[in-house]
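Reading the structure
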Amino acid sequence: MKNTALVTIFLLLLTGCLDPNTLDSTSQETIKSSAQSITADMTEQEQDEFAKALMYYSLGGQNAWTSMVGSFDSKNDGASPETLISINLQSLDGLTGQEVLEKYREALAKDKELRERKRAEREAKQAKAREEQETIRKLPSLAETFLRHTTQR
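Residues numbered from 1 in each chain as written. Predicted model: local features only at pLDDT ≥ 70, side-chain atom pairs only at ≥ 80, totals over all residues. Heavy atoms only, no water.

1. Here we look at the layout of surface pockets
- In this model, the second largest pocket occupies a volume close to 170 Å³.
- Taken together, 11 residues make up the lining of the second largest pocket; nearest its centre are Tyr56, Tyr57, Gln62, Lys103 and Ala107.
- Residue assignment for the lining of the second largest pocket shows that the elements contributing at least two residues are helix H3 (44–58) and helix H6 (97–151).
- Considering each element in turn, the lining of the second largest pocket owes the most residues, four residues, to H6.
- Residues belonging to the lining of the second largest pocket are distributed by class as follows: three nonpolar, five polar and three charged. (1 Å grid on protein atoms, 1.4 Å probe; cavity = no way out; pocket = protein on both sides within 12 Å on 5 of 7 lines; lining within 4 Å. Points joined across faces, edges and corners; volume = space filled by probe spheres on them. Helix = DSSP H or I, 4+ residues; strand = E, 2+ residues; numbered from the N terminus. Nonpolar A, V, L, I, M, F, W, Y, C, P; charged D, E, K, R; others polar.)

Shown next as C-alpha cells:
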C-alpha cells in the first residue's frame, strides 16, 4: 500500500514534468520565464518565429492599430504598457509553443487574405471610377452627336 502511494505520487510528479511548457500571461515576469522555457527546445527558426508571434499578439494581433490607439486613449484607466501587453497576450495563455506558432500562422494567413481582399476591392473601385471618368469625358461628344441626329430629323 505504501509503495503504491509512493509510485502514484512519483507518477503524478513525473507527468507534471513531462507536460509541454505553456505560456503564462499573468505578468511580465511569468510571460518572460514561460517564453524562455518554451523556446528552450525550439530550433533557432522557431525561436525567431515565436518571438515575432509574441510581438504580434503583444501589440494586439489583427487589431494592433486599434489596440495601440486605444492605449493612448484617456479611457484606458491609466494602464501601463506592461499591463496592456499582458492583456493582449491573454489569448495565448496556456498554449504550448507549437500552438502559439500555429495560431500566429493562421492569423498571418487571415491578415494576408484580408489585405488582398481590401486591395482587390480598392482596385475594383478605382477601375469603376476610371470608367465613370471616361464616360463623363465622352459625354460632350455624345451629347453633340445626339443633338446633330435630333436636329437633322
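2. Re the pattern of salt bridges
- Evaluated as defined, the whole model comprises five salt bridges.
- Salt-bridge contacts for Arg117 lead to Glu113; the nearest nitrogen and oxygen are separated by 3.6 Å. Taken together, the residues Arg117 and Glu113, both in helix H6 and four residues apart, mark about one turn of the helix.
- Here Arg148 ties to Glu144 by a salt bridge, and the two come within 3.1 Å at their closest N and O atoms. Of this pair, Arg148 and Glu144 both sit in helix H6, four residues apart, which is roughly one turn of the helix.
- By relative accessible area, which is 48% here, Glu144 ends up partly exposed. (Salt bridge = Lys/Arg side-chain N within 4 Å of Asp/Glu carboxyl O. Buried < 20%, exposed > 50% of the residue type's maximum accessible area, 1.4 Å probe, protein only.)

3. Topic: H6
- End to end, H6 covers 80 Å across 55 residues, agreeing with the expected 81 Å (1.5 Å per residue, within 8%).
- For H6, the principal kink sits at Leu139 and spans about 40°; a proline, Pro140, occurs within the next four residues.
- Taken as a whole, H6 has its buried residues at Gly97, Val100, Leu101, Tyr104, Ala107 and Asp111.
- As for H6, its buried residues are in contact with helix H2 (28–39) and H3. (Expected span 1.5 Å × (residues − 1). Bend = angle between axes of the 7 residues up to and from the residue. Contact = heavy atoms within 4.5 Å.)

4. Comments concerning the packing of H3 against H6
- Direction vectors running N to C along H3 and H6 enclose 65°, while the axes themselves pass 9 Å from each other. Here H3 runs over H6; the crossing is left-handed. Residue-level contacts link Glu46, Glu49, Phe50, Lys52, Ala53, Tyr56 and Tyr57 of H3 to Gly97, Gln98, Val100, Leu101, Lys103, Tyr104, Arg105, Ala107, Leu108 and Asp111 of H6.
- Along the lines of polarity and charge, the residues of the contact of H3 with H6 split into nine nonpolar, two polar and six charged. (Axes fitted to C-alpha atoms, helices over the stretch in contact; angles between N-to-C directions. Left-handed = near helix turned anticlockwise from the far one by under 90°.)

5. Let's talk about the nonpolar core
- One finds Leu23, Phe50, Leu54, Tyr57, Leu89, Leu92 and Val100 to be the most contacted residues of the largest nonpolar core, which totals 17 residues.
- For this core, the secondary-structure elements that each account for two or more residues are H2, H3 and H6.
- The greatest single-element share of this core, amounting to five residues, is contributed by H3.
- Leave out the neighbours within four places in its chain, and Phe50 touches Ala35, Ile38, Thr39, Met42, Gly97, Val100 and Leu101. (Core = buried A, V, L, I, M, F, W, Y, C linked by side-chain atoms within 4.5 Å.)

6. Focus on the confidence of the model for the chain
- Summary statistics for the chain give a mean pLDDT of 82 and a share of 76% for residues scoring 70 or more.
- Put simply, helix H1 (residues 2–18) is where the chain has its lowest mean pLDDT, 52, and H3 is where it has its highest, 95.
- Low confidence marks residues 10–16, where pLDDT is under 50. Its contacts with residues over four positions away, or in another chain, come to zero contacts. (pLDDT = per-residue confidence, 0-100.)

7. With respect to the environment of Val100
- With respect to the helices and strands, Val100 occurs in helix H6.
- With a relative accessible area of 0%, Val100 lands in the buried category.
- It is 7.3 Å that separates the C-alpha atoms of Val100 and Phe50, two residues lying 50 residues apart in sequence.
- With residues up to four places along the chain from it excluded, the contact list for Val100 reads Phe50, Ala53, Leu92 and Leu95.

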